[in-house]
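These are the residues of each chain, in order.
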Amino acid sequence: MKIWLDGALRDADGARVSVFDHGLTVGDGVFETLKVRRGEPFALTRHLERLTRSARGLGLPDPDLDEVRRACAAVVEANPVALGRLRVTYTGGVSPLGSDRGNATPTLIAAVAACDPHAATTAVVTVPWVRNERSGVTGLKTTSYAENVVALAAAHRAGASEALLANTVGRLCEGTGSNVFVVLDGELHTPPVASGCLAGITRALVAEWAGAKETDLPFDVLERADEVFLTSSLRDVQAVVRIDGRESAAAPGPVTAEAMRTFADRAAADPDPV
């Protein structure tokens, strides 16, 4: 495997980041995950725009997007896969131990690995932990992912692939690595970014292409929704068949199935929708 690290392709065994890198010591970094199909990253422009927004939110210098594009192209070409996960990581670079940053150049890493397609349906659980919609890093895709690791591990122990979280005021927010949509009386809804959820790339495209409304929803809407589905860069649109052991109606339901078809068709027609 070849990794892009700070300006060049390197063998994976030789790609090394300092133990003093701020992304390692305090999680001072941002990242993007993109789907790669037959050598082409999906929605690259939107992902790079969000990478920049996240970096600015942390106070990092804007990434050089020309370099990021070169990095993505280089690792995709060097590591051909039919279906893959492309990860771009951008950190505060070498810094003192502690929260203060140093003066070093930020670290840029790009890597790609093969992955299997997600199933059309999945099971989820709800967890007692919450998203803080008033956090200083709300809406930023940062490398500080420990909360997600804990919640996702709980989901796996329960035989589910994802955990869904409320925010601090009991409103539906998101999954650990996905956005959530619900169908109520035939209408498609998803929580607004004010709930504390990440502004997902697939979320935005599905909302636009399938006509979803951003709606402030109570967490218990999951118990009475006609249909529930998840979106993410690797899941695309994935129907939920079980929540906390409760089987839902036959999934995917009609609204979810239509969203699946629409997303698949539109994504195939335009691999970089802007």
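Structure shown above.
Summary of the structure given here. Just so it is clear, the model here is predicted, and its values are computed rather than measured.

1. A look at unusual backbone geometry
1) Next: Not every positive phi belongs to a glycine, and Asp 185 is a case in point at roughly 50 degrees.
2) Next: A positive phi angle is found at Asp 236, which is not glycine, with a value near 55 degrees.

2. Observations regarding the pattern of salt bridges
1) Next: Evaluated as defined, the whole model comprises 12 salt bridges.
2) Next: Between Arg 50 and Glu 32 there is a salt bridge; the shortest N-O distance is 2.7 Å. With Arg 50 in helix H2 (residues 44-58) and Glu 32 in strand S3 (residues 29-37), the pair connects residues that are 18 residues apart, well separated along the chain.
3) Next: The class for Arg 50 is buried, based on a relative accessible area of 4%.
4) Next: The exposure class assigned to Glu 32 is buried, which follows from its relative accessible area of 1%.
5) Next: With a shortest N-O distance of 3.7 Å, Glu 208 and Arg 46 are connected by a salt bridge. Here Glu 208 is found in helix H5 (residues 201-210), whereas its partner Arg 46 is found in helix H2, with 162 residues between them in sequence.
6) Next: Through salt bridges with shared partners, a single ionic network connects Arg 131, Glu 147 and Glu 174.

3. Notes on empty space enclosed by the protein
1) Next: Counted by the stated rule, this structure contains 1 cavity of 30 Å³ or more.
2) Next: A volume near 40 Å³ is recorded for the largest cavity.
3) Next: Contributing to the lining of the largest cavity are 12 residues, with Glu 227, Val 228, Val 240, Ala 251 and Gly 253 lying nearest its centre.
4) Next: At the level of elements, strand S13 (227-232) and strand S14 (236-243) are the ones that each hand at least two residues to the lining of the largest cavity.

4. Description of the nonpolar core
1) Next: Counting residues in hydrophobic clusters, the biggest one holds 24 residues, and the most contacted among them are Trp 4, Val 68, Leu 86, Val 88 and Tyr 90.
2) Next: Among the secondary structure elements, those contributing two or more residues to this core are S3, H2, helix H3 (65-78), strand S5 (83-91) and strand S6 (107-114).
3) Next: Take this core: its biggest share by element is 6 residues, from H3.
4) Next: Other than its neighbours up to four places away in sequence, Trp 4 contacts Leu 9, Glu 67, Arg 70, Ala 71, Ala 74, Val 75, Leu 108, Ile 109 and Ala 110.
5) Next: In terms of nonpolar packing, the next biggest core, distinct from the first, is built from 18 residues, Ala 43, Ala 212, Met 260 and Phe 263 among them.

5. Concerning the packing of aromatic side chains
Aromatic ring pairs: the centre-centre distance and the angle between the two ring planes describe each pair.
1) Next: Per the counting criterion, the structure on display carries 4 aromatic pairs.
2) Next: Look at Phe 181 and Phe 229: their rings are 4.9 Å apart centre to centre, the planes differ by 10 degrees, and that puts the pair in the stacked class. Here the residue Phe 181 occupies a position in strand S10 (residues 179-184), and Phe 229 occupies one in strand S13, the gap between them amounting to 48 residues.
3) Next: Given a relative accessible area of 0%, Phe 181 falls into the buried group.
4) Next: Exposure remark for Phe 229: the relative accessible area of 0% places this residue in the buried category.
5) Next: Taken together, the ring pairs in this structure connect Phe 42, Trp 209 and Phe 263 into an aromatic cluster.
6) Next: Lying over the aromatic face of Phe 42, Lys 35 brings its terminal NZ or CZ to 5.7 Å of the ring centre.
7) Next: The ring centre of Phe 31 lies 3.8 Å from the NZ or CZ of Arg 87, which sits over that ring.

6. Re the packing of H2 against H5
Working note: a packed helix pair is described by the angle between its axes plus the distance between those axes.
1) Next: As a packed pair, H2 and H5 sit with axes 10 Å apart at the nearest point and diverge in direction by 125 degrees. Classified by the interaxial angle, the pair formed by H2 and H5 is oblique. Crossing geometry of H2 relative to H5 is assigned as right-handed. Together, Arg 46, His 47 and Arg 50 of H2 and Ile 201, Ala 204, Leu 205 and Glu 208 of H5 make up the contact between the two elements.
2) Next: Of the residues belonging to the contact of H2 with H5, the class tally is 3 nonpolar, 1 polar and 3 charged.

Procedures and definitions
Residues numbered from 1 in each chain as written. Predicted model: local features only at pLDDT ≥ 70, side-chain atom pairs only at ≥ 80, totals over all residues. Heavy atoms only, no water. Salt bridge = Lys/Arg side-chain N within 4 Å of Asp/Glu carboxyl O. Helix = DSSP H or I, 4+ residues; strand = E, 2+ residues; numbered from the N terminus. Buried < 20%, exposed > 50% of the residue type's maximum accessible area, 1.4 Å probe, protein only. 1 Å grid on protein atoms, 1.4 Å probe; cavity = no way out; pocket = protein on both sides within 12 Å on 5 of 7 lines; lining within 4 Å. Points joined across faces, edges and corners; volume = space filled by probe spheres on them. Core = buried A, V, L, I, M, F, W, Y, C linked by side-chain atoms within 4.5 Å. Contact = heavy atoms within 4.5 Å. Phe/Tyr/Trp six-rings, centres within 6.5 Å; stacked < 30°, edge-to-face > 60°. Lys NZ or Arg CZ within 6 Å of the ring centre and 35° of its normal. Axes fitted to C-alpha atoms, helices over the stretch in contact; angles between N-to-C directions. Parallel < 35°, antiparallel > 145°, perpendicular 65-115°, else oblique. Left-handed = near helix turned anticlockwise from the far one by under 90°. Nonpolar A, V, L, I, M, F, W, Y, C, P; charged D, E, K, R; others polar.

Geometric descriptors of this kind do not, in isolation, establish any biological role.
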